Amino acid sequence: MFERSSDRSRYPEVVDGKPVVDLDSEKYVKIWHGPQHPGITGNMSLELILCGDEVVDCKTHVGYLHRGFEKLMERRTWIQNFPVVCRIAVPEPAFNEYLYAAGVEELAGIQVPERAQWIRNLNLEMMRLASFLAWLGGQAGAFGNSTIGQWTVTHRDYLLDLFEEMTGGRIYHMYMVPGGVRSGLPDGFEERLEAVLKKVEKLLKEIELVLLNNSVFKARAVGLGYIDKDMIDRYGITGPNQRACGIKRDVRKDCPYLVYDQLDFEVITGTASDTYERTLVRYQEMHQCIDLCRQIVGRMPKDGPFHQPLPNVLHWRIPPGETYVKAECTRGEKGYYLVSDGSLYPRRICIRGPSYTHAFPVMEKLAIGTDIADIAGLMVSLHTYPPEIER
Amino acid sequence: MKELFERLQALFAVTDFHQQRADLGFLSIPKDHAEMLIRHLRDHEGFTHLVFFTAVDYIEDGVFRLVYMLHNYGTKDTLGVHVDISRENATMTSIHELWEQAGLYQRELKEMFGIDFPGSPRLDEDFLLEGWDEIPPMRREFDTRAYAEATFFPREGRTKSDPRTHMREQLYPDPDQE
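Rules used throughout
Residues numbered from 1 in each chain as written. Chains lettered and ligands numbered in written order. Predicted model: local features only at pLDDT ≥ 70, side-chain atom pairs only at ≥ 80, totals over all residues. Buried ≥ 20, exposed ≤ 12 C-beta atoms within 10 Å, placed from the backbone. Helix = DSSP H or I, 4+ residues; strand = E, 2+ residues; numbered from the N terminus. Pairing = 2+ DSSP bridges. Domains from an automatic or database assignment. Contact = placed C-beta atoms within 7 Å. Nonpolar A, V, L, I, M, F, W, Y, C, P; charged D, E, K, R; others polar. Axes fitted to C-alpha atoms, helices over the stretch in contact; angles between N-to-C directions. Parallel < 35°, antiparallel > 145°, perpendicular 65-115°, else oblique. Left-handed = near helix turned anticlockwise from the far one by under 90°. Expected span 1.5 Å × (residues − 1). Core = buried A, V, L, I, M, F, W, Y, C linked by C-beta atoms within 7 Å.

Here we come to the pairing of strand β7 (residues 332-340) of chain A. All names here are of chain A. Most of β7 sits inside the fold, with 9 of its 9 residues counted as buried. Turn length for the strand β6 (residues 321-329)-β7 hairpin, with the two strands adjacent in sequence and antiparallel, is 2 residues. Strand direction decides the pairing type here: β7 and strand β8 (residues 346-352), joined by 6 bridges, are antiparallel. Following the sheet pairing, Y336 is matched in β8 by I351. Between β7 and β8, which follow one another and run antiparallel, lie 5 residues, and G342 among them has a positive phi close to 90°.

What follows is about the domain arrangement of chain A. Note: interface size is frequently given as the accessible area lost on complex formation between the parts. Residue and element names in this part refer to chain A. What the domain assignment reports for chain A is domain 1 (8-61) and domain 2 (69-390). Relative to domain 2, the C-alpha centre of domain 1 lies at a distance of 31 Å. With 18 residues of domain 1 at the interface, the matching set in domain 2 holds 19 residues. Secondary structure elements with two or more residues in the side of domain 1 that touches domain 2: β4 (45-51) and β5 (54-61). A per-element tally of the side of domain 1 that touches domain 2 places β5 first, with 7 residues. Per-class residue counts for the side of domain 1 that touches domain 2 are 8 nonpolar, 6 polar and 4 charged.

Looking at where R107 of chain B falls in the secondary structure, it is placed in helix α3 (residues 102-113). Distance from R107 of chain B to I29 of chain B, taken between C-alpha atoms, is 22 Å for residues 78 residues apart in sequence.

Here we come to unusual backbone geometry. The backbone of S273 of chain A sits at a positive phi, close to 60°, despite the residue not being glycine. Positionally, S273 of chain A belongs in the loop between α10 (251-254) and α11 (275-299). Within the chain, R122 of chain B stands out as a residue other than glycine whose phi angle is a positive 55°. Topologically, R122 of chain B is positioned in the loop between α3 and α4 (144-151). Given 14 C-beta atoms within 10 Å, R122 of chain B falls into the partly exposed group.

Our next topic: the packing of helix α4 (residues 114-142) of chain A against helix α13 (residues 375-382) of chain A. All names here are of chain A. Contact geometry for α4 and α13: axes closest at 8 Å, N-to-C directions at 160°. By the angle between their directions, the pair α4 and α13 is classed as roughly antiparallel. Where α4 crosses over α13, the handedness of that crossing is left-handed. Where α4 approaches α13, its residues G138, Q139 and A142 are matched on the opposing element by A376, G377, V380 and S381. Residues belonging to the contact of α4 with α13 are distributed by class as follows: 3 nonpolar, 4 polar and no charged.

With that settled, the discussion passes to the pairing of strand β3 (residues 49-58) of chain B. A regular strand places its side chains so that they alternate between the two faces of the sheet. All names here are of chain B. Across the 10 residues of β3, 9 count as buried, placing the element largely inside the fold. Of the pairings in the sheet, the one linking β3 to strand β4 (residues 63-72) comprises 9 bridges and is antiparallel in character. Bridging from a neighbouring strand, H49 pairs with H71 of β4. Counting the residues between successive antiparallel strands, the hairpin from β3 to β4 contains 4 residues, one of them, G62, with a positive phi of roughly 70°.

In this section: α3 of chain B. Helix length check: α3 of chain B, at 12 residues, gives a terminal C-alpha distance of 16 Å against a target of 16 Å (1.5 Å per residue), a fit within 8%. Within the span of α3 of chain B, buried status applies to A102, G103, L104, Y105, Q106, R107, E108, L109, K110, E111, M112 and F113 of chain B.

What follows is about the nonpolar core. Membership of the largest hydrophobic core comes to 148 residues, with the highest contact counts inside it found for F95, Y98, M126, L129 and C293 of chain A together with L70 and V81 of chain B. Ranked by the residues each element gives to this core, the list is headed by α4 of chain A, at 16 residues.

Below, the discussion takes up the sheet that holds β6 of chain A. All names here are of chain A. Reading across the sheet, the 3 strands line up as β6-β7-β8 and stay open at both edges, with antiparallel pairing between neighbours. The open sheet has two edge strands with one neighbour each: β6 and β8. For this sheet, the mean inter-axis angle between neighbouring strands, taken without regard to orientation, is 10°.

Each side of the interface is counted separately: chain A has 27 residues, and chain B has 27 residues. A class-by-class count of the residues in the side of chain A that touches chain B yields 10 nonpolar, 6 polar and 11 charged.

Now for the packing of α4 of chain A against helix α5 (residues 146-167) of chain A. Residues and elements named next belong to chain A. Two elements in contact, α4 and α5, have axes separated by 7 Å at closest approach and are oriented at 165°. The angle between the axes of α4 and α5 places the two elements in the roughly antiparallel class. In this structure, α4 crosses over α5, and the sense of that crossing is left-handed. Side by side, α4 and α5 meet where M126, L129, A130, L133, A134, L136, G137, G138, A140 and G141 of the first sit next to S146, I148, G149, T152, V153, H155, R156, L159, L160, L162 and F163 of the second.

Here we come to the environment of V325 of chain A. Residue and element names in this part refer to chain A. Structurally, V325 can be placed in strand β6. Separated by 55 residues in sequence, V325 and G270 place their C-alpha atoms 27 Å apart. Those residues in contact with V325 that lie beyond four places of it in its chain are L99, A102, G103, E106, G335 and Y336.

Given below as structure tokens:
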């Protein structure tokens with residue numbers, strides 16, 4: 001990371017953690033970092049106030065991608081919402097599908113067949129790997145190593161090919177329908193998955209040499225965006241951002257869902273809690289994804305039903321009630337709060353995305369005192385997806 | 001979680017405890033005691049994680065039900081605290097001092113439901129909507145279809161058909177009429 005100037009006389013006075021800035025004094029520059037900027041994660045923007053190269057104030061702005069999903073879902077039947085939910089996090093739709101299905105199943109009292117649970121789990125871990133690959137390209141690109149982005153996007157495409165084979169869709173799968181999944185695995189899928197996992201493993205070895213051992217990357221990422229342990233609960237930080245500071249929490253382990261309680265894995269943590277450590281934690285989690293995919297494929301039942309028959313979904317009334325279901329997505333705790341009033345339509349669906357707090361209070365705090373050149377790297381290291389903020 | 005509810009019942013006017021799962025429960029509390037209960041849950045019962053904070057509109061009863069979802073990392077329990085407030089005078093005590101992200105949830109609730117949280121920082125700044133002058137859109141009486149029809153218009157020359165009529169006339173014509 002760039003060093004802060006030690007002479008603070010030219011910088012604004014800080015009162016209650018906020019700098020006192022008079023833009024009319026012409027000492028400061030206000031710039032918009034995004035929404036059209038290669039260093040921003042999706043359609044959002046940061047309103048930065050600079051003093052020289054140093055950021056003295058930051059405000060996050062979203063709303064460029066607001067499609068009003070939570071409102072739309074109140075006007076659609078339960079089954080009509082199933083193809084809607086995957087659009088809530090574009091690079092990682094499977095978690096939305098799973099959580100929506102899990103919430104509906106809990107309220108309706110539906111038992112999902114065991115084979116469907118294993119297939120869902122495989123789908124989620126493949127999705128995690130694909131999402132991490134997309135993020136890794138962004139993280140490297142933010143510090144100028146844009147070739148890595150081309151490698152990771154290619155390998156993500158190999159995974160998307162598998163999703164296409166498995167579900168019929170590359171991005172939006174609409175696969176985990178309430179009651180189970182839409183189909184079993186195609187013939188020979190396990191071998192083709194193994195071939196892709198091997199390719200990704202080989203790529204990760206190269207990335208370790210090119211990125212994690214790269215002196216420029218280390219010089220810029222070490223110490224950047226330090227998250228103190230005290231901030232974790234106060235800001236609601238979850239996922240790798242939390243684990244990189246040494247806190248061993250993971251929904252997959254703490255509140256197991258699907259078949260995670262039958263899989264062998266450890267929660268990966270770090271200590272330094274900066275951009276480099278967060279990269280390292282996610283890098284290790286990618287290896288963990290590969291391992292989990294292999295475990296699932298080796299142990300999943302090959303036969304049996306993959307879907308529980310549903311009542312006529314066009315007239316499907318879910319008994320009144322409410323629930324909250326959660327899962328560990330690549331960015332942290334993702335959850336769905338569903339309320340049914342017994343009618344054909346949901347009363348309320350509220351989506352808890354980890355980016356909500358990571359992109360707003362956390363980003364706004366960490367940006368202060370950072371060099372403008374490091375903002376993109378910091379932003380990507382928090383791994384935020386705007387659509388899950390805007391819902 | 002039943003023991004937790006009994007402990008809370010001795011201290012606060014909590015009611016309507018409902019256990020949805022072994023690790024998920026809901027309870028209700030009157031508006032005036034809610035902030036005290038939430039502070040107590042955070043400081044003394046280990047519910048240090050504010051999972052989310054939202055509202056459900058019960059227009060037929062004239063209330064907004066605020067839902068504070070709290071999680072205890074120690075016991076792995078999640079507790080939803082319901083607070084009913086009147087739709088007419090939709091105001092609630094702010095909890096922005098308890099969690100940093102609470103202010104943002106309150107900013108969203110102000111914009112989407114029109115619920116006021118006096119003292120909450122940046123409450124009146126636009127969150128998702130810019131220059132919105134209609135009623136708050138997440139309220140049940142806001143009709144998305146009527147709004148879309150009044151605000152947007154179809155491209156000139158574009159025709160549209162009712163799916164039911166189209167299916168009957170084009171896809172499955174009645175053979176007796178031909």
